[in-house]
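Listed below are the residues making up each chain.
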Amino acid sequence: MPFTDASSGESVRFEGVGKSYGDVDALVDFDLAVNPGELVTLLGPSGSGKTTALNVLAGFTQATRGRVLIGDREVQGLPPEKRDVGMVFQSYSLFPHLNVFDNIAFPLKLRGVSRKEIAERVEDGLDMIQMGDLGQRMPAELSGGQKQRVAFARAVIFRPPVLLMDEPLAALDLKLRESMQAEIRAYHQRLGCTIVFVTHDQNEALALSDRIAVMGDGKLAQIDTPQAIYDAPQSRYVAEFIGKTNLLEATVAGSDLAIPALELTLPVADLPAHSAKRDGPITLSLRPERIFRVCQGDAEAYPNFEARVEDALFMGDMVQYRLRLPDAQTLIVTERRDTGGARPTRGATVQLGFLPRDLTPIPEPS
Amino acid sequence: MPRIFRHWMLWPALAMLLVFFLMPSVDILRASVMDPELTFRHFERFLERAVYMRVLWHTVEVSFVVAIVCAVIAYPVAYFIVQSPRRVQFLLLLLIFIPLWMSILIRSYAWMVVLGREGVINSLLMGAGLIETPVRMLFTTPAVYVAMIQILLPIQIVTCYSAMSDIDLGLVRAARVLGASPWEATRRVFIPLSLDGTITGMIIVFMLSMGFFITPALLGGRRDLLLANLIEFNVTQLNWGFAAAIALMLLLAAIVGIVVIRLAARLLLRALNGALAR
Amino acid sequence: MKKLTLPYLAGLAAALTLAVAAPAAIAQERTLAVSGSGGIVGEMNTRFFAEPFTAETGIAVERLTSEGSRMAELEAMVNSGRVLWDVMEISASNYPLGVSKGLFEPIDYSKVDPEGLLPPGARAEYGVGAASFSHVLAVRTDQMPEGRMMSSWADFWDVETFPGPRALRNRAEDNLEFALLADGVAEADLYTVLSTEDGLDRAFAKMDEIKPHVTAWWTSGAQSVQLLSDGEVYFGTSYNGRIPPLAQSGLPVEIMWNGGALHTSFVGIPKGTENIEMAHQFIAYRTMNAAQMRQYMAELPYPGFAPGLYDGVAEAVTAIQPTAPANLEAQFSANPEFWGDNLEAIQERWNEWLLE
C-alpha cells in the first residue's frame, strides 16, 4: 500500500541562519540539525523565532544569512514548491472550493501523477485517517479534528521526506488535541518522514518529540530529548519555560553549598555528579514534584526546611501548594493526592524535604 | 412551510421585495397581456417586427461585451489593490469610487468632450501631426463601449476587490508549499476562490448594461439603439402594454444571460481545477 | 399649581388646530399647481407669467417640473384619481395623445377668450395655444462654402455643394417632412403624401440618401445644440429658441427658416383637478396677456397668440420669432393629428430603417 510505504526521511540543517526585518532580528545565528526520520519540536513563546525558522525552512521567508539544507540539498533561495516538503498549518488551510478528495489529491495533481494512481493513493490516505467515506465532503462540512486529519493527509500524500507542522493542534480542544498527538506519533512511525513541529505548548512538545529545540529571542536555547530538557535545563530560560520549577540562589564555598532561602547548607558533593562546583554563586532548579512533606521522625533523613502554606490548588490527581519561605520567597510544591496524612490547610506551617540530587544547577550564561 | 418564513428577521426585506419588486413586476406582466383585454398582440409584435429582436440582440451583445471587458480589466486592478498595503488600498478604492459620484449623464457628456471631432484626443493627435483630419470616434459603437465600460468598471472592481480581500492568503501559501508554482497557485486556488465575486460583479454589470439608454443615445451611432430606449419611447407614448412586453423580454433575456454567465463560470472553474470530479 | 380643566385644554387644542390649519387651508385654496418644463423655459414662465399672475390675483403658483415623463405621470394620476396638477403645458405631440386617452378637461372659452380673439388654431377643444415653436435647421455660417448659404432642405441634402457632418433628431416626425420637401413635395401636400404607403416609401427613400452623411441622431434639445457648438456637426436641426443664445455666445450659427416645421404647444387642464375655475383664470392670463407675452418672447422666442402681440415689438425681437410674418411664410405647419395617429407605426419603421 503506497501510503504506508515508509518514505525515507531526510535530515534538516540550519547553519548560522539569520533573519532580520529592518532592525528586528527574528532569527539570530540559528543552528539546528534534525536527523533523518526524527520528530523535532521547535518550542518557544511567540516571538521566539520558531515560526520564522519554519517559514525559512518552508521557503515562505528568505533567510538573511546562513544556509538551510534538506538532506544534502541547499534549499535557501528555492521557492516553496521546489523544496518538496509537506506542511500542515494551524488554520488547516484546506481549500474551501475543493472537496476532501480533491484537497488530498492536490499535491499529486501538481506532480503529474496519473488519475488512476491519484485515486488509489487518495483512497489509501482517506483510509489511513479513517475518513474513507467522506471524500466528497466539503471542508466546511468537517469538524475541527477531521479538518486536521485531511490537512495531514494532504501534506504527506506525496511522501515528502520532511513534514513541517505549524501549531497544527492549537485550534483543537484539549481532549482532541491529546488524541491527535497520539495519532501524529503513530503516523510518524508508519511514514518515517522527518517532522519539524512548531508549538508553544510545552506539554505537547514533551509528549510528541524525539527531541525538543527550545527557542528564545531568535536563538536556539537548548536542544535535547524531552527528559533531558526537563531534568537538566541548561539555562534559567529553559528551566522556567519547561514545566514549573523553583529557582533557588545558592553559593558554593569550598565543599559547602549554602542555600540561604531554605536556611540550609549542604555538602557540594551531594549535587548531581555532572554539575560544576566552582566557588561562587549558583542557581539551582528544584522541581515542585521533587519536594515532599517530611514527618518529624524523618527530619534527619533529608535536608528539610519550614514553609507556610499560602494556598492550595486542586488539580485533579495533584494538589499544588504555594508556600512562603521565611525569607519571603515563594515556593511551589506539587503532591499526589494519595499521599498519606492530612493535607495541610492554609496558614499551616509544614516541614518540607528533598533529595539533594534533585537540585539541578543552572549554568550561568557565559 | 418554506424555511425562509421561519426567519422573522427577513420579513422586512421580504415585505420590501414584495411591495417594491414583486408587485410592480406582476403589474408589468399584467399590463403586457391585459392592455386593454387579454391579448398577446404586444408579444406577437415584438417577435414579428425584425427591429425588436435585433435591438434585443444588440442589447444583449453590448451587455455581454461590457461585462466581459469590465471583468478582464477589473480583475488585475482589484488584485493589485488587494496586494497593496492597507492604507494604500483605502486610497486606491477612494480613487475608484470618485467617478461613481458623478451622474451617468455627466460622464457620458464628458466622453463627448474627449472623443469628439474637436475633442481632446483628436486635438492631441492633430496637434502632434499624426493625423490630418479628425478621426471619427464619437457616435460609434466603440464609443458606447468605452463609456459604458468606464461607467461600470468601478462596480466590477469593487466587487472583485471585496471577493479577493476575503480570500485567506494562507491558502495560496499552502498551495505553494504543496508544490504549486505561483501561477499554479493562482490558477487553482486564488482564481477559483475569487471567481464567485467576479461573476457576481459581472452579473451586476450585465444587468445594469441591459438597462442603459442615456449613454448609447448620446455617444452611439444610429445602430446603437438599446431596448431601454424603446421602452422609454413607448412609455412617453403611453403605450404601456407594449412597453411592458418589451420590459419582460428584456427581463427574460437578462435571466438567460445570467444563466449563461453562471454556466460559463462553472466550466471555467472546472478547467482551472482540472477537476478529478467523480 | 392650579389644575388645568378639561374645557380649557380642549379650547387650547382647538385654537392651536385653527392656528396651524387655517393658513394651510387658505393657502391650499389659493395655490395653483402648474406642471411644465424646467430649465430656461420654466424660469421665464415663472418670471413673466406665474409671478405677475400671483401679484395680480393673489393666487400662488407652484411650478412642478416634469419633462419626458409628463404624460406618463399624468396618466398615472388620472387613473389613480389623485390629480396633483391644475394646469399643465402640453407639447404639440402630446396634445393628440392626451386627447385620445381622455386625460384633459375641456376648455371653457367663455372664461378664457370670451370675445373669440384667438386664432382658430389656438382654440383647441382641450387646450389653449400658448406658444409656437419651430423645428428648424441651424447652420454654422463659418462652414459654408465661399459665397454660398444653405437655404432649403434640398441644400441640406446636397452634400456635394455643402459638405460636412449633419445631425437630425432620432424620430420620424420632423424628418420625413423635410425629406419630402427636399424631394420637391409642396408644403401643402406634405401630409397627404405621407398618408400614403407610396409617399412614406418616397420619404424613406429620400432619407436613404442623407443617412450616411448624418453623424449624429440626437434625442434631446440640449444635445442638438451641443453638437453644433462642439463642432461635431455643421448643419443640424434644433428648436428655434435654442439657437439665439448660441449665436449670442459667439458661435457663427443661423436659423434656416425655410421649410421649418411650425408647432403649437398648449396649456390645458388635467382631467379631474378640483381647481377648474382658477385653472381657467391662469390659462387666460398665460395665453391672452400680450404685455407679458412680449416680455417673454424677447427672452425666449416661443410666442403665443395673444391679440395684438406684435404691436410695438422691436424689429430685432420680431425677426427671431417663428410666427413673425416673414418666418411664418417660410415654414409649414406641422400636423399633430397625423403624427398622433401614425407616429407609433412610422417610428417602428424608422427604427428599422436606422438599423439597416
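Residues numbered from 1 in each chain as written. Chains lettered and ligands numbered in written order. Predicted model: local features only at pLDDT ≥ 70, side-chain atom pairs only at ≥ 80, totals over all residues. Heavy atoms only, no water.

1. Let's talk about the confidence of the model for chain B
Reading predicted coordinates in detail is not appropriate for stretches of low pLDDT.
At step 1: In the predicted model, chain B carries a mean pLDDT of 90, and 96% of its residues have values of at least 70.
At step 2: For this predicted complex, the interface confidence reaches an ipTM of 0.88, while the overall pTM sits at 0.82. (pLDDT = per-residue confidence, 0-100.)

2. Remarks on the interface of chain B and chain A
At step 1: Counting residues at the interface gives 23 residues for chain B and 31 residues for chain A.
At step 2: Of the roughly 2300 Å² buried at the junction of chain B and chain A (both faces included), carbon and sulfur atoms supply 63%.
At step 3: Here chain B and chain A share 1 salt bridge between them.
At step 4: As a salt-bridge pair, Arg176 of chain B and Glu81 of chain A come within 2.8 Å of each other at their nearest N and O atoms.
At step 5: Ranked by residue count, the leading element in the side of chain B that touches chain A is helix 8 (residues 169–177) of chain B, at 7 residues.
At step 6: The residue makeup of the side of chain B that touches chain A, split by class, is 12 nonpolar, 5 polar and 6 charged. (Contact = heavy atoms within 4.5 Å. Buried area = accessible area lost by both parts, 1.4 Å probe. Salt bridge = Lys/Arg side-chain N within 4 Å of Asp/Glu carboxyl O. Helix = DSSP H or I, 4+ residues; strand = E, 2+ residues; numbered from the N terminus. Nonpolar A, V, L, I, M, F, W, Y, C, P; charged D, E, K, R; others polar.)

3. Focus on the interface of chain B and chain C
At step 1: Each partner contributes residues to the interface: chain B has 29 residues there, and chain C has 34 residues.
At step 2: Together chain B and chain C conceal approximately 2900 Å² of surface at their shared face, both sides included; 52% is due to carbon and sulfur atoms.
At step 3: The largest per-residue losses of area from chain B upon contact with chain C belong to Arg117, Arg222 and Leu238 of chain B, which jointly make up 25% of the total buried on that side.
At step 4: Here chain B is connected to chain C by 4 salt bridges.
At step 5: Between Arg49 of chain B and Glu348 of chain C there is a salt bridge, with its nearest N and O atoms 3.4 Å apart.
At step 6: Here chain B is connected to chain C by 16 residue pairs in polar contact (both at pLDDT 80 or more).
At step 7: Considering only residue class, the side of chain B that touches chain C consists of 16 nonpolar, 5 polar and 8 charged. (Polar contact = N/O pair within 3.5 Å; in protein donor to acceptor, adjacent residues only side chain to side chain.)

4. Let's talk about the pattern of salt bridges
At step 1: Summed over the entire model, instances satisfying the criterion amount to 39 salt bridges over all chains.
At step 2: Linking Glu15 of chain A and Arg13 of chain A is a salt bridge whose minimum nitrogen-to-oxygen distance equals 3.0 Å.
At step 3: Judged by relative accessible area, Glu15 of chain A falls into the partly exposed class, the value being 27%.
At step 4: Here Arg187 of chain B makes a salt bridge to Glu184 of chain B, at a shortest N to O gap of 3.4 Å. Of this pair, Arg187 of chain B and Glu184 of chain B both sit in helix 9 (residues 182–210), 3 residues apart, which is roughly one turn of the helix.
At step 5: The class for Arg187 of chain B is buried, based on a relative accessible area of 17%.
At step 6: Residue class for Glu184 of chain B comes out partly exposed when judged on its relative accessible area of 21%.
At step 7: Three or more residues joined by partner-sharing salt bridges are found here, namely Arg45 and Arg49 of chain B together with Glu344, Glu348 and Glu352 of chain C. (Buried < 20%, exposed > 50% of the residue type's maximum accessible area, 1.4 Å probe, protein only.)

5. Focus: the environment of Tyr239 of chain C
All names here are of chain C.
At step 1: With respect to the helices, strands and loops of the structure, Tyr239 is situated in strand 9 (residues 235–239).
At step 2: It is 8.4 Å that separates the C-alpha atoms of Tyr239 and Ser224, two residues lying 15 residues apart in sequence.
At step 3: Each residue touching Tyr239, except ones within four places of it in the same chain, is listed here: Phe133, Ser134, His135, Arg169, Trp218, Gly221 and Tyr302.

6. So, helix 4 (residues 86–97) of chain B
Residue and element names in this part refer to chain B.
At step 1: Across its 12 residues, helix 4 extends 17 Å between first and last C-alpha, which sits within 8% of the 16 Å expected from 1.5 Å per residue.
At step 2: For helix 4, every residue scored as buried is listed here: Gln89, Leu93 and Ile96. The buried residues of helix 4 all sit within an arc of 60° when viewed along its axis, so they share a single face. Structural note: helix 4 exposes Arg87, Phe90, Leu91 and Leu95 on the side pointing more than 90 degrees away from its buried face.
At step 3: Contacts from the buried residues of helix 4 go to helix 3 (50–83) and helix 7 (141–165). (Expected span 1.5 Å × (residues − 1). Arc of directions from axis to C-beta.)

7. Focus on the layout of surface pockets
Sizing a probe to match a water molecule and rolling it over the atoms shows the empty space that remains.
At step 1: Its boundaries defined by the atoms lining it, the second largest pocket holds a volume of some 860 Å³.
At step 2: Surrounding the second largest pocket, 29 residues form its lining, Pro24, Asp27, Ile28, Ala244 and Ala247 of chain B being those nearest its centre.
At step 3: Going through the elements one at a time, helix 1 (11–33), helix 9, helix 11 (227–236) and helix 12 (240–273) of chain B together with helix 3 (70–80) of chain C are the ones with two or more residues in the lining of the second largest pocket.
At step 4: Residue classes in the lining of the second largest pocket are distributed as 20 nonpolar, 4 polar and 5 charged. (1 Å grid on protein atoms, 1.4 Å probe; cavity = no way out; pocket = protein on both sides within 12 Å on 5 of 7 lines; lining within 4 Å. Points joined across faces, edges and corners; volume = space filled by probe spheres on them.)

8. Structural notes on unusual backbone geometry
Trans is the prevailing form of peptide bonds, just as negative phi is the prevailing case for residues other than glycine.
At step 1: Located in the positive-phi region is Arg159 of chain A, a residue other than glycine, with phi close to 50°.
At step 2: Considering the arrangement of structural elements, one finds Arg159 of chain A in the loop between helix 4 (144–156) and strand 7 (162–166).
At step 3: Unusually for a residue other than glycine, Phe139 of chain B sits at a positive phi of about 60°.
At step 4: Tracing the backbone shows Phe139 of chain B in the loop between helix 6 (120–127) and helix 7.

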